Amino acid sequence: MGAQRKGASRVSEDSEELARVSLQAVLLADSFTTKFRPITLERPKVLLPLVNVPMINYALSWLESAGVEEVFVFCCANSKQVIDYLENSEWVSLPDFAVTTIESHNSISAGDALRLIYERNVIHGDFVLITGDTISNMPLTQALQEHKDRKKKDSNAVMTMVVKRSKPSPITHQSRLGTDELFMAIDHNSKQLLYYEDRADDSKGIIHLDKSLLMDNPSISLHNDLQDCYIDICSPEVLSLFTDNFDYQHLRRHFVKGLLLDDIMGYKIYTHEICSSYAARIDNYRSYDTVSKDIIQRWTYPLVPDVKFFGNSAYKLERQGMYRASEILQARSAQVGPFTVIGDNSKIGDNTKITNSIIGQGCSIGSNVTIEGSYIWDNVTIEDGCKLSHAIVCDGVIIKSGAELEAGVILSFKVVVGDQFIVPSYSKVSLFQQPINQDSDDELEYADNSSVADTTDKSNNELMSKSLEMQGWPASELGNGGIGHVWSICEGSVEEEWRHSVAPIPADKLEKTLQKATDDELELTRDANVLPTSGELKSDSNVSDGDDNEDSRDDSIHFEKEVEATFLRGVHENIKVDNVILEVNSLRLSYNKVAADCAGALFYSLMKFALDSPHGSSSELLQNTTNIITKWKKLLKYYLTDMDEEIEVILKFEEMCLESAKEFTPHFTKILCHLYDQEIIQEDAILRWDDEKKEADDSDKLFVKQAEKFIEWLRVASEEEDDEEEE
């Protein structure tokens, strides 16, 4: 495992430089929230499988590959399970990489954990602070060097936070990870963090900045388009600051905000933005779903299913992002779709259809079963005729014949769903009864109910199941033969269910929130005193046209990437065109774009998807392209309401053929004809495009000349039509 895995998992050659330095890391293994219940009642979140690998293995693999030599894993609630797992894993036998666990049953917050680590005196220099639910492949060299250089110039520079560009939806005010909209104020030149707020007044994007903040910082950028990766590079002083301030419990709400407001000590926090690397934290079901898809689509490379690293089995990557383990039994009539993972020793019956889902190890799936967008963990039994849509099914669950799981359902460990029973949307089912007092996410960062029985012991689970059966409870809740408690949705959490679920947000919810967002935007525009929610605030002396143009270009690039990602989700998850339009409209509002921008970005996405689809020849590429345009013409035509937008599509096509996708160059005229035949581009737009090119240089007439015969045919047809109308 050693040499092969080392070569595959090294994130950057720069890591070799870090390996000469004794770099330490603190990993908080108990950073789970109530949004993961009922699962975390029975197993620590960091041990939950993420694409069939325990979450903590991704964090440790990244730290090892990035040059960290010593990791201190802090455990509190469910500490025995985490410690047992690590002690029986291959992590303890790795040379030059030490994993040490620190256990405390009295610590109930991140602040308590860091105070205890300070007392142990185990950190001897700058260290990396992460939570055990963090996934990344970023190299640490540059961020660490920036931190050290700043510290030499200013001893008060105690922390560097890693951030990544990610614009939230203006409809739901949440990121693609399901987290709240985040506002940051950052010094444009020094990258110092000046303001941090993860909530806005009435969710309307209104924030209040102290006038002195604007006066003291001549160049300040105000962002709501950055994601906090929860990766921090810290000086040792951070530990002593927690020791001196027992009010510091939560890393962000208490520590970060406390330092930003403290004018006496003068400690400073800086940011490091990553662009091409990946980093994300999983703290709700939507982020669990999003990161899982990112892993399958290889954004996290080399931490992907077909590359061997700690805690995963070898998978074979097939066409369209489908991963299979070596030992599976699949009926010939079964259909396994793209972006799907099938684990070892799993069986799939006749006429079963699985799409965009992850199947764990040792699962038995019957015949005529439909599974879409779901996460099936290990040793699950799904009998004939069942239907599962965007659900999470934990280890040992039995779903009896004909049962159905509607969108957003979560079945915790060893639950049994009865014959023909339909589990309603967003239901959470567990063998445990629902706790009377549930922790709030506004309370301590990773406090949990440590008094819950450890259910990893098989005999305990069997006794519990038998006891439930003897009581006859709760068969009425889960149908004939069902075992488990259906948890009620807490008051005030109804909206949170669809916001944080693995299921796509329902169209009716998007429509309502889109209308509310539009009303709020109109209200804000009437208030001239409200600051913009995103953008850069500068003194007049620092404003330049060059900076504005550069920001505009960056904004357009980010917009196109977001539209492409939205389109690809629509393709891979079979999302209806109307729902894709809603998402693109939200991006249009967020980036302040017009319909022509949307049309150009969507056309680019369609053509890029055609180019990336498997094809063995130029003619196959042309066939792919025409098929995709035909299938998605409704989406494209929605944004082509006038001639200018149609011309924008033609210009975008020219640009692609000249720069990013030259493979389309010989097919330009044929694809343009197809756009015309499908009534996507009208003849008037093509003729206007030709007219505008008449005064251009020859180098800019390449595609007009290529389409010359087609254009001439259109002109003749247009003139004949005009003559007929005059007669």
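In the nomenclature of an unreviewed UniProt entry, the chain is known as Translation initiation factor eIF2B subunit epsilon of Cucurbita maxima. Under Sequence similarities (unreviewed entry), UniProt gives the following word-for-word description of the chain: "Belongs to the eIF-2B gamma/epsilon subunits family." Comment text from UniProt for the chain, heading Subcellular location (unreviewed entry), reads "Cytoplasm, Cytosol".

Along the chain, the regular secondary structure elements total 25 helices and 34 strands. Per-residue burial for the chain yields a buried fraction of 55% across its 727 residues. In the chain, 63% of the contacts between residues at least 6 apart in sequence involve partners at least 24 apart. For the chain, the accessible surface area stands at approximately 32,300 Å², while carbon and sulfur atoms represent 47% of it.

This paragraph deals with the pattern of salt bridges. Pairing is possible between side chains of opposite charge, provided their charged atoms come close. Taken as a whole, this structure holds 24 salt bridges when the rule is applied. D133 serves as the salt-bridge partner of K45, at 2.5 Å between the closest nitrogen and oxygen. Of the two residues, K45 is situated in the loop between α3 (39–42) and α4 (55–65) and D133 in the loop between β4 (127–131) and β5 (134–136); the sequence distance between them amounts to 88 residues. A relative accessible area of 0% means that D133 is categorised as buried. By sharing partners, the salt bridges in this structure join K45, D133 and R281 into a single network.

This part covers the sheet that holds strand β18 (residues 346–348). Across a sheet, strands are paired by hydrogen bonds formed along the backbone, either parallel or antiparallel in direction. Spatially, 6 strands are ordered β15-β18-β21-β24-β27-β30 in an open sheet, and the strand pairing comes out parallel. Two strands lie at the open edges of the sheet, namely β15 (328–330) and β30 (416–417), each paired on one side alone. Pairing geometry for β15 and β18, over 3 bridges, is parallel. Counterpart to I328 in the pairing with β18 is S346.

For the structure shown, the criterion picks out 3 cavities of 30 Å³ or more. By volume, the largest cavity amounts to about 100 Å³. Secondary-structure elements contributing two or more residues to the lining of the largest cavity are α11 (285–296) and α16 (545–572). Counting residues per element, the lining of the largest cavity draws most heavily on α16, at 3 residues. Split into classes, the residues belonging to the lining of the largest cavity amount to 5 nonpolar, 4 polar and 3 charged. Both domain 2 (312–430) and domain 3 (553–726) contribute no fewer than three residues apiece to the lining of the largest cavity.

Here the focus is α4. Among the 11 residues in α4, 11 count as buried, and that is most of the element. Among the residues making up α4, those that are buried are M55, I56, N57, Y58, A59, L60, S61, W62, L63, E64 and S65.

Our next topic: the packing of aromatic side chains. We describe a pair of aromatic rings using the distance from one ring centre to the other and the angle between the two ring planes. Counted according to the given criterion, the structure contains 19 aromatic pairs. Seen from their ring centres, F567 and F609 are 6.0 Å apart, and the 80° between their planes marks the pair as edge-to-face. Placement of the pair is F567 in helix α16 and F609 in helix α18 (residues 595–612), with a sequence separation of 42 residues. What makes F567 buried here is its relative accessible area of 1%.

Right, let's talk about the pairing of strand β10 (residues 226–234) for a bit. The buried fraction of β10 is high, at 9 of 9 residues. In terms of strand pairing, β4 meets β10 through 4 bridges, oriented antiparallel. Residue pairing across strands places F127 opposite C234, the latter belonging to β10. Bridging between strand β6 (residues 157–165) and β10 involves 6 bridges; their strand directions are antiparallel.

Below, the discussion takes up the sheet that holds strand β19 (residues 353–355). Here 6 strands make up an open sheet; going across it, the order is β16-β19-β22-β25-β28-β31 and the pairing parallel. Strands at the two margins of the open sheet, each flanked by one partner only, are β16 (335–336) and β31 (422–423). Here β16 runs beside β19; their pairing, made up of 2 bridges, is parallel. In the sheet register, Q335 faces β19, and the bridge partner there is K353.

Only a minority of non-glycine residues have a phi that is not negative, and only a minority of peptide bonds are not trans. For the bond running from Y301 to P302, omega is 10°, close enough to zero to count as cis. Structurally, P302 is set in the loop between α11 and β13 (315–318). Here Y426, not a glycine, exhibits a phi torsion of approximately 65°, which is positive. In this fold, Y426 is placed in the loop between β31 and β32 (428–430).

We now examine the environment of W487. Among the secondary structure elements, W487 is positioned in strand β33 (residues 485–487). Overall, W487 belongs to the buried group, its relative accessible area being 7%. For the pair W487 and Q434, spaced 53 residues apart in the sequence, the C-alpha separation amounts to 5.8 Å. Other than its neighbours up to four places away in sequence, W487 contacts R37, P38, L41, K428, S430, F432, Q433, Q434 and P435. Among the polar contacts made by the side chain of W487, one reaches the main-chain carbonyl oxygen of F432 at a distance of 3.2 Å.

In this section: the packing of α18 against helix α21 (residues 643–658). Running from amino to carboxyl end, α18 crosses α21 at an angle of 40°, the nearest separation of the two axes being 9 Å. In terms of orientation, α18 and α21 fall into the oblique class. Crossing angle aside, the handedness with which α18 passes α21 is right-handed. Taking contact as the criterion, the partners of A595, A596, A599, G600, F603, Y604, M607 and K608 in α18 are, on α21, E645, E648, V649, K652, F653 and M656.

Moving on, we get to the pairing of strand β2 (residues 70–75). Most of β2 sits inside the fold, with 5 of its 6 residues counted as buried. Sheet topology note: the strand β1 (residues 24–28)/β2 ladder contains 5 bridges and is parallel. Bridged to A25 within β2 is V71. Alignment of β2 against strand β3 (residues 98–103), held across 6 bridges, turns out to be parallel. Bridging from a neighbouring strand, F72 pairs with T100 of β3. In this fold, the crossover linking β2 to β3 by way of helix α5 (residues 79–87) has right-handed handedness.

For the rest of this paragraph, the subject is a negative patch on the surface. Judged by side-chain charge, E708, E712, E719 and E720 come together as a negatively charged surface patch. Take E720: its relative accessible area is 46%, and that puts it in the partly exposed class.

Basis of the calculations
Residues numbered from 1 in each chain as written. Predicted model: local features only at pLDDT ≥ 70, side-chain atom pairs only at ≥ 80, totals over all residues. Heavy atoms only, no water. UniProt positions renumbered as here; feature names shortened; annotations may be inferred. Helix = DSSP H or I, 4+ residues; strand = E, 2+ residues; numbered from the N terminus. Buried < 20%, exposed > 50% of the residue type's maximum accessible area, 1.4 Å probe, protein only. Contact = heavy atoms within 4.5 Å. Areas by Shrake-Rupley, 256 points an atom, 1.4 Å probe, with all protein chains shown as cover. Salt bridge = Lys/Arg side-chain N within 4 Å of Asp/Glu carboxyl O. Pairing = 2+ DSSP bridges. 1 Å grid on protein atoms, 1.4 Å probe; cavity = no way out; pocket = protein on both sides within 12 Å on 5 of 7 lines; lining within 4 Å. Points joined across faces, edges and corners; volume = space filled by probe spheres on them. Nonpolar A, V, L, I, M, F, W, Y, C, P; charged D, E, K, R; others polar. Domains from an automatic or database assignment. Phe/Tyr/Trp six-rings, centres within 6.5 Å; stacked < 30°, edge-to-face > 60°. Polar contact = N/O pair within 3.5 Å; in protein donor to acceptor, adjacent residues only side chain to side chain. Axes fitted to C-alpha atoms, helices over the stretch in contact; angles between N-to-C directions. Parallel < 35°, antiparallel > 145°, perpendicular 65-115°, else oblique. Left-handed = near helix turned anticlockwise from the far one by under 90°. Right-handed = clockwise from strand over helix to strand, strands pointing away. Patch = residues over 30% accessible without salt bridge, like charges linked within 9 Å, V, L, I, M, F, W, Y side chains within 5 Å. Lys, Arg positive; Asp, Glu negative; His and termini not counted. Charge placed at Lys NZ, Arg CZ, Asp CG, Glu CD.

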